[in-house]
Amino acid sequence: MLRSRPSSSLRRALPVSQAQRSFASSPRRAALITLEVDGKSVSIEQGSALIQACEKAGATVPRFCYHDRLNIAGNCRMCLVEVTPGPPKPQASCAMPAMPGQKVKTNSPLIHKAREGVMEFMLSNHPLDCPVCDQGGECDLQDQSMRYGSDRGRYHEITGKRATEDKDFGPLVKTVMTRCIHCTRCVRFANEIAGVQELGTSGRGNDMQIGTYIEKTLNSEMSGNIIDLCPVGALTSKPYAFEARPWELKNTESIDVLDAVGSNIRIDSRGVVVMRVQPRLNENVNEEWINDKTRFACDGLRTQRLTTPLVREGDRFVPATWPEALAAVKAGLDASGAKGDEIQAMAGSLADSESLVALKDLMNKLGSDNTALDSPLGAYPPSHGVDFRSNYSFNTTIAGVEDADRLILIGTNPRHEAAILNARLRKAYLAGELDIAMIGEKFDSTFGYDHLGADLKSVKDLFASGSKWAKELEGAKRPMIVVGSAVADHADGPAVMAEVAKFVEKNNKTFVTEEWTGYNVLQRSASRTAAYDIGFTPSAKAAQTTPKFVYLLNADDFTPSQIPRNAFVVYQGHHGDVGAQYADVCLPGAAYTEKSTTWVNTEGRTQLGRAAVPPPGASREDWKIVRALSEVLGAKLEYDDTAGIRDRMWDVSPTLAKYDIVEKPSAVLVGIKALQAEAAKAAKVEMIGGATGAFKKPIHNFYKTDPISRNSVTMNKCTRAFHEDFYPESEREQNLPLASHA
């Protein structure tokens, strides 16, 4: 698969305090040069590698160490080509720059013979364990050896083939280091992209090994990507070991929903079971990376599932049919005596756009405007409002952060809230274009930043006229401010929003232009942007009403005080998680791998997730459950099929039906002025449940943030390995089984 050339080359990563950064006042536009590849003329940017010119010409050049998102290593020598004018011997095309007037041959007899020699050396020490190797069927070495390999080897060493002791990289990456061909892709990824200086090489020649110097686990939220990068079976997925072969799997292109980035993924399934999740190329979102929670939490889809409707009788749940369960909901609503805003709907982080639209329509038909979110202050109108999309979106776009030159982070930890975005921030930082400052709780970052404080006073000091960083932002060409979604759940959130809005309005000539919008809110839940688009927020009057009937739609992260003691509670979701414990009736829904639904990421990009497997048992798609319930409650919704609800989504917000498009924010300055008014209005409302004091990290355990990851055995192992504070010392020492999350 051909990949586009990165827009900026990364410097070799050192510890953040010593990170080497290039210095350039503006991006340079490279001149085009022309050369000849296999008799075909091709033009390419000056400074490109010869292998990129060959790719552009359509020539297939084998490689093991080269990757266009990593620094050049030139280790494997498999990409040999003939170049004239130049040395008479074959040259490594990845390490040789393309020059004007060159004539390149990629498939001459000399080159074929040279590649056969390289392959013979590579196979001379490679173990013959393809039948038991998890890389079998998708192994680059297998593929290339079919063309350049031999049916026998000429090397017969008395001591046998080289063997290396396996390394312990933790619960996610399985190592068989005897298979390693020393391409160093994993080392370069860890140092350059992930920003963890834990992998390296030791020894030389035949004694060279890849490892962590001192024995330790690979502690990075992006570590699983080295599995995809490894061209052989040296690094494979530990949870997926010996589970399936690639030719047994059905591939389904979909969208990740475990954070708000909306990474493009491929779901591999066998029968009715999701076997693994892998990244899918999208230059505008996740490039070709995904975080470890996206990749490995899929085993949580198999445990603690709700597969049949449940009705509470006394202190236990009793299985019921769908007609019985829906009738129990109607009986509970009637018995509660709830009318109007006393009927509350609360949506969680895994609620898809279709179900949000259907549930809001149902609430409105029942006379209620009490549509809340499961965040600490989700039962109140948000301090940023929902009338202007630019007030709650990541307006710069995920890919656009690479063009920023000054950045302020307020109340957010992008490494855990949006690991893919964090990788882009590191890329921009290493390229020398980006300086960063942060207000909030300190975190172990992969880039350098100035810590300016952690409270509202620090925000006011930052934007005060004459402060160092205020001057930096005012003098920047493309400044950025990123406000974390947790700020909206803080008691000082309205004041923070007002301070940010004032500064952006004052400096609108650089913050808001035709090409650039520097004000951003980073959401951390997959459903939040769509919920705000739909208007799934309570009115001021509804927020002051105590509900008697609460409908939880995939809501599990609420605080207990948000559920009144005597309220009748209905939980609709796919796991028996926190929300199910409060429920009087449980309605089993479908997980994101089991339904074709719409998701909107933090930048406002609408994407379509696709069903890879059917829902288990009697589970149904969420919007269909709401549609069936509406008929039982006597408030029938007008749509009966997917096309009908998508038409309704278009009526509510046309952006929900424009897939793979990020609409340019409009009326941003009007929205900024409205943001100040909304913040002033929110400041007058006494909101119970918000955080106080210094801004804290909203995510304390990256590996357990939602019902799927909380019920994942693999994510529990990661928690045990990387977050010892989450388990008592006695449990760690005895290696007790993980407690179930009922």
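Cut-offs used in this document
- Residues numbered from 1 in each chain as written.
- Predicted model: local features only at pLDDT ≥ 70, side-chain atom pairs only at ≥ 80, totals over all residues.
- Heavy atoms only, no water.
- Helix = DSSP H or I, 4+ residues; strand = E, 2+ residues; numbered from the N terminus.
- Rg over C-alpha atoms; globule rule 2.2 N^0.38 Å.
- Buried < 20%, exposed > 50% of the residue type's maximum accessible area, 1.4 Å probe, protein only.
- Pairing = 2+ DSSP bridges.
- Contact = heavy atoms within 4.5 Å.
- Axes fitted to C-alpha atoms, helices over the stretch in contact; angles between N-to-C directions.
- Parallel < 35°, antiparallel > 145°, perpendicular 65-115°, else oblique.
- Left-handed = near helix turned anticlockwise from the far one by under 90°.
- Nonpolar A, V, L, I, M, F, W, Y, C, P; charged D, E, K, R; others polar.
- 1 Å grid on protein atoms, 1.4 Å probe; cavity = no way out; pocket = protein on both sides within 12 Å on 5 of 7 lines; lining within 4 Å.
- Points joined across faces, edges and corners; volume = space filled by probe spheres on them.
- Salt bridge = Lys/Arg side-chain N within 4 Å of Asp/Glu carboxyl O.
- pLDDT = per-residue confidence, 0-100.
- Core = buried A, V, L, I, M, F, W, Y, C linked by side-chain atoms within 4.5 Å.
- Phe/Tyr/Trp six-rings, centres within 6.5 Å; stacked < 30°, edge-to-face > 60°.

Enquirer: How should I be thinking about the overall build of the chain in this particular structure?
Expert: A tally of regular secondary structure across the chain gives 23 helices and 26 strands. For 742 residues, the compact-globule formula gives about 27 Å, and the C-alpha radius of gyration of the chain, at 28 Å, lands near that figure. Its C-alpha atoms put the chain at 90 × 60 × 55 Å along the principal axes. Taking all 742 residues of the chain together, 59% fall into the buried category.

Enquirer: Explanation requested: the pairing of strand E21 (residues 519-522) in the structure shown.
Expert: Here is the key point about a regular strand: its side chains alternate between the two faces of the sheet. Residue alternation in E21 divides its side chains into two sets, Tyr519 and Val521 and Asn520 and Leu522, and both sets are buried. Pairing analysis gives four bridges linking strand E20 (residues 479-484) to E21, with the strands arranged parallel. Residue Val483 lies in a different strand from E21, and its bridge partner there is Val521.

Enquirer: Looking at this structure, I do not really get unusual backbone geometry. What am I missing?
Expert: Peptide bonds are trans in most cases, and residues, glycine excluded, mostly fall at negative phi. The peptide bond linking Thr84 to Pro85 adopts the cis configuration, its omega dihedral lying at -5°. Tracing the chain through its elements places Pro85 in the loop between strand E3 (80-84) and strand E4 (91-92). Residue Glu287 is not a glycine yet carries a positive backbone phi of 55°. Counting through the fold element by element, Glu287 comes out in the loop between strand E12 (273-279) and helix H6 (292-296). Phi at Asp660 takes a positive value of approximately 60°, unusual for a residue other than glycine.

Enquirer: I tried to follow the sheet that holds strand E2 (residues 40-45) on my own but got confused; where do I start?
Expert: Hydrogen bonds between backbone groups are what pair the strands of a sheet, and the pairing can be parallel or antiparallel. Ordered in space as E2-E1-E5-E3-E4, the five strands form an open sheet in which the pairing is mixed. Pairing within the sheet leaves two strands with one partner each, and these edge strands are E2 and E4. Taken together, the two bridges between strand E1 (residues 32-37) and strand E5 (residues 103-105) define a ladder with parallel strand orientation. By the bridge assignment for E5, Glu36 is matched with Lys103. This element, helix H2 (residues 109-124), spans E3 and E5 of the sheet and lies at about 145° to E3.

Enquirer: Explain the pairing of E2 here, please?
Expert: Relative to E2, E1 runs antiparallel, the two sharing six bridges. Residue Ile33 lies in a different strand from E2, and its bridge partner there is Ile44. In textbook terms, the turn of a hairpin is the stretch between consecutive antiparallel strands, and for E1 and E2 this stretch comprises two residues, one of which, Asp38, has a positive phi near 50°.

Enquirer: In this structure, what is going on with the sheet that holds strand E17 (residues 406-410)? I would like to understand it.
Expert: The sheet built from five strands is open, its strands ordered E19-E18-E17-E20-E21 with parallel pairing. Whereas interior strands pair on both sides, the edge strands pair on one side only; in this sheet they are strand E19 (450-453) and E21. Geometrically, the sheet is characterised by an average inter-axis angle of 20° between neighbouring strands, direction not taken into account. Strands in contact with helix H12 (residues 468-475) are E17, strand E18 (435-439), E19 and E20; relative to E17, the strand with the most contacts, it is inclined by about 130°. Against the sheet, helix H13 (residues 493-506) contacts E17, E20 and E21, and its axis sits at roughly 165° relative to E20.

Enquirer: Can you walk me through the packing of helix H8 (residues 353-365) against helix H18 (residues 622-632) in this structure?
Expert: Think of two packed helices as two axes; the pair is described by the angle between the axes and how far apart they sit. Running from N to C, H8 and H18 point in directions that differ by 20°, and their axes come no closer than 8 Å. With respect to H18, the element H8 is oriented roughly parallel. Here the hand of the crossing between H8 and H18 comes out left-handed. Two secondary-structure elements touch here, H8 through Glu354, Ser355, Ala358, Leu359 and Leu362 and H18 through Asp622, Trp623, Val626, Leu629 and Ser630. In terms of residue class, the contact of H8 with H18 is built from six nonpolar, two polar and two charged.

Enquirer: Got a minute to help me understand empty space enclosed by the protein in this structure?
Expert: Empty space among the atoms becomes visible once a probe the size of a water molecule is rolled across them. A complete count under the given rule lists five cavities of 30 Å³ or more for this structure. Of the volumes computed, that of the largest cavity is approximately 90 Å³. Contributing to the lining of the largest cavity are 15 residues, with Cys180, Cys183, Cys186, Cys230 and Leu235 lying nearest its centre. When grouped by side-chain class, the residues that make up the lining of the largest cavity number 12 nonpolar, two polar and one charged. Taken as a whole, the second largest cavity encloses approximately 40 Å³ of empty space. Residue lining of the second largest cavity: Ile255, Asp256, Val257, Asp259, Ala260, Gly262, Ala526, Trp599, Val600, Asn601 and Gln607, and that is the complete set. Here the residues of the lining of the second largest cavity are counted per class, giving six nonpolar, three polar and two charged.

Enquirer: Would you explain the side chain of Thr714 in this entry?
Expert: Positionally, Thr714 belongs in helix H22 (residues 713-722). Of the residues examined, Thr714 reaches a relative accessible area of 6% and is grouped as buried. Sequence-distant contacts of Thr714, that is, excluding residues within four places in its chain, are made with Leu172, Pro239, Phe296 and Asp299.

Enquirer: What should I look at first to understand the pattern of salt bridges in this one?
Expert: Two side chains of opposite charge can pair, provided their charged atoms sit close to one another. With the rule as written, the count across this model stands at 45 salt bridges. The partner of Glu55 in a salt bridge is Arg63, with the nearest N and O atoms 2.8 Å apart. Arg63 carries the same exposure label as Glu55, and that label is buried. A salt bridge links Asp403 to Arg478; the shortest N-O distance between them is 3.8 Å. Taken together, the positions of Asp403 in the loop between strand E16 (371-373) and E17 and Arg478 in the loop between H12 and E20 put the pair 75 residues apart, joining distant regions of the chain.

Enquirer: So what exactly am I meant to see when it comes to the confidence of the model for the chain here?
Expert: Parts of the prediction with low pLDDT should not have their coordinates interpreted in detail. With 93% of its residues at a pLDDT of 70 or more, the chain shows a mean pLDDT of 89. Across residues 1-19 the pLDDT falls below 50, and counting only partners more than four positions away or on other chains, this stretch makes 49 contacts in the model. Note that residues 730-742 has pLDDT below 50 and, in this model, 23 contacts with residues that lie over four places away or in other chains.

Enquirer: What is the right way to read the environment of Val274 from this model?
Expert: Along the chain, the position of Val274 falls in strand E12. Residue classification places Val274 among the buried residues on the basis of a relative accessible area of 6%. Spatially, the C-alpha atoms of Val274 and Thr546 are 41 Å apart, while their sequence positions differ by 272 residues. With residues near it in sequence (within four places) discarded, Val274 still touches Ile267, Asp268, Ser269, Cys298, Leu301, Arg302, Thr593 and Val613.

Enquirer: Is there a simple way to think about H18 in this case?
Expert: One full turn of an α-helix is made of 3.6 residues, so residues set three or four places apart face in the same direction. By the burial criterion, the buried members of H18 are Asp622, Trp623, Ile625, Val626, Arg627, Leu629 and Ser630. The inward-facing, buried residues of H18 contact helix H7 (322-336), H8, strand E22 (549-553), strand E23 (568-573), strand E24 (585-588) and helix H19 (642-652). At the C-terminal side of H18, Gly634 shows a positive phi close to 80°.

Enquirer: What should I look at first to understand the nonpolar core in this one?
Expert: Across soluble globular proteins, nonpolar side chains have a tendency to be buried as a group. Of all hydrophobic cores here, the largest spans 90 residues; its most connected members are Phe189 and Leu199. Here the element with the most residues in this core is helix H10 (residues 419-430); it accounts for eight residues. Sequence-distant contacts of Leu199, defined by excluding residues within four places in its chain, comprise Phe169, Cys186, Val187, Ala190, Asn191, Ile210, Gly211, Thr212, Tyr213, Leu218 and Ile226. Residues Ala328, Ala531, Trp623 and Leu637 belong to the second largest nonpolar core, which totals 46 residues.

Enquirer: Please clarify how the packing of aromatic side chains should be interpreted in this entry.
Expert: Any two aromatic rings considered together are summarised by their centre-to-centre distance and by the angle between their planes. Overall, the coordinates contain 10 aromatic pairs when judged by the stated rule. Summarising the aromatic geometry, the rings of Phe443 and Phe447 are spaced 6.4 Å apart at their centres and angled 80° between planes, so their arrangement reads as edge-to-face. For the pair Phe443 and Phe447, a shared accessibility class is recorded, and that class is buried. Of the aromatic side chains, those joined through ring pairs into one cluster are Phe443, Phe447 and Tyr449.

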